[in-house]
Amino acid sequence: MDVLDEVFSVVRDRVRNPREGSYVSSLLSDPKGLDRVLEKIGEESVEVVIAAKNGRDGEIVAESADLIFHLMVMLAVKGISLDDVRAEFARRRK
């Protein structure tokens, strides 16, 4: 299991079993619910673009991690696994 799988496992657990003080739980308990997560995906996407435009590798990496994290939250909420995404990449590669 790599670090992305480990993080996704924690995210899925927080979606299923909300915990006090958990960032994922706080996102999902927001009155906007999934819409709040989708807003974060939009915000992080813009931040990745700005970091890339500014050519700052460290910022690109950090903002990409934020974007991937919020995508993981959305995937977990929707019941989609990283294996589903991997399978789509494999299908496209053929």
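Residues numbered from 1 in each chain as written. Predicted model: local features only at pLDDT ≥ 70, side-chain atom pairs only at ≥ 80, totals over all residues. Heavy atoms only, no water.

Draft legend 1. Local environment of helix α1 (residues 3-16). Over its 14 residues, α1 runs 20 Å from end to end, which matches the ideal 20 Å to within 8%, given 1.5 Å per residue. What α1 keeps buried is the set Phe8, Val11 and Arg14. Taken around the axis of α1, the buried residues stretch over an arc of 120°, which confines them to a single face. Along its buried surface, α1 packs onto α2 (23-29), α4 (57-78) and α5 (82-93). Measuring from the side-chain oxygen of the N-cap residue of α1 to the backbone nitrogen of Leu4 gives 3.0 Å; that N-cap residue is Asp2. (Helix = DSSP H or I, 4+ residues; strand = E, 2+ residues; numbered from the N terminus. Expected span 1.5 Å × (residues − 1). Buried < 20%, exposed > 50% of the residue type's maximum accessible area, 1.4 Å probe, protein only. Arc of directions from axis to C-beta. Contact = heavy atoms within 4.5 Å. Polar contact = N/O pair within 3.5 Å; in protein donor to acceptor, adjacent residues only side chain to side chain.)

Draft legend 2. Up close: the packing of α1 against α4. Orientation of α1 relative to α4, taken along the N-to-C sense of each, is 50°, at an axis distance of 9 Å. Judged by the angle between their axes, α1 and α4 are oblique. Handedness of the α1/α4 crossing: right-handed. Seen from α1, the contacting residues are Leu4, Val7, Phe8, Val11, Arg12 and Val15; seen from α4, they are Ile68, Phe69, Met72, Val73, Leu75, Ala76 and Val77. Of the residues belonging to the contact of α1 with α4, the class tally is 12 nonpolar, no polar and 1 charged. (Axes fitted to C-alpha atoms, helices over the stretch in contact; angles between N-to-C directions. Parallel < 35°, antiparallel > 145°, perpendicular 65-115°, else oblique. Left-handed = near helix turned anticlockwise from the far one by under 90°. Nonpolar A, V, L, I, M, F, W, Y, C, P; charged D, E, K, R; others polar.)

Draft legend 3. Region of the structure containing the nonpolar core. Counting residues in each nonpolar core, the largest one holds 14 residues, and the members touching the most others are Phe8 and Val37. Among the elements of the structure, α1, α2, α3 (34-54) and α4 are those that each provide at least two residues to this core. Counting residues per element, this core draws most heavily on α4, which supplies 6 residues. Every residue in contact with Val37, bar those within four places of it in the chain, is listed here: Leu27, Leu28, His70, Val73 and Met74. (Core = buried A, V, L, I, M, F, W, Y, C linked by side-chain atoms within 4.5 Å.)

Draft legend 4. Region of the structure containing the packing of aromatic side chains. The tally for this structure, following the rule as stated, stands at 1 aromatic pair. On the basis of an interplanar angle of 35° and a centroid distance of 6.1 Å, the ring pair of Tyr23 and Phe69 is categorised as tilted. With Tyr23 in helix α2 and Phe69 in helix α4, this residue pair connects regions lying 46 residues apart in the sequence. Since its relative accessible area comes to 38%, Tyr23 is described here as partly exposed. Residue classification places Phe69 among the partly exposed residues on the basis of a relative accessible area of 22%. (Phe/Tyr/Trp six-rings, centres within 6.5 Å; stacked < 30°, edge-to-face > 60°.)

Draft legend 5. Spotlight on the pattern of salt bridges. This model, assessed by the stated rule, comprises 11 salt bridges. Between Asp5 and Arg86 there is a salt bridge, with the nearest N and O atoms lying 2.9 Å from each other. With Asp5 in helix α1 and Arg86 in helix α5, the pair connects residues that are 81 residues apart, well separated along the chain. Among the residues examined, Asp5 registers a relative accessible area of 22% and is labelled partly exposed. A residue is classified by how much of its surface remains accessible, and Arg86, at 37% relative accessible area, is partly exposed. A salt bridge links Glu39 to Lys32; the shortest N-O distance between them is 2.9 Å. You can call Lys32 partly exposed: its relative accessible area is 46%. Among the charged side chains, a salt-bridge network with shared partners connects Lys32, Arg36, Glu39, Lys40, Glu43 and Glu44. (Salt bridge = Lys/Arg side-chain N within 4 Å of Asp/Glu carboxyl O.)

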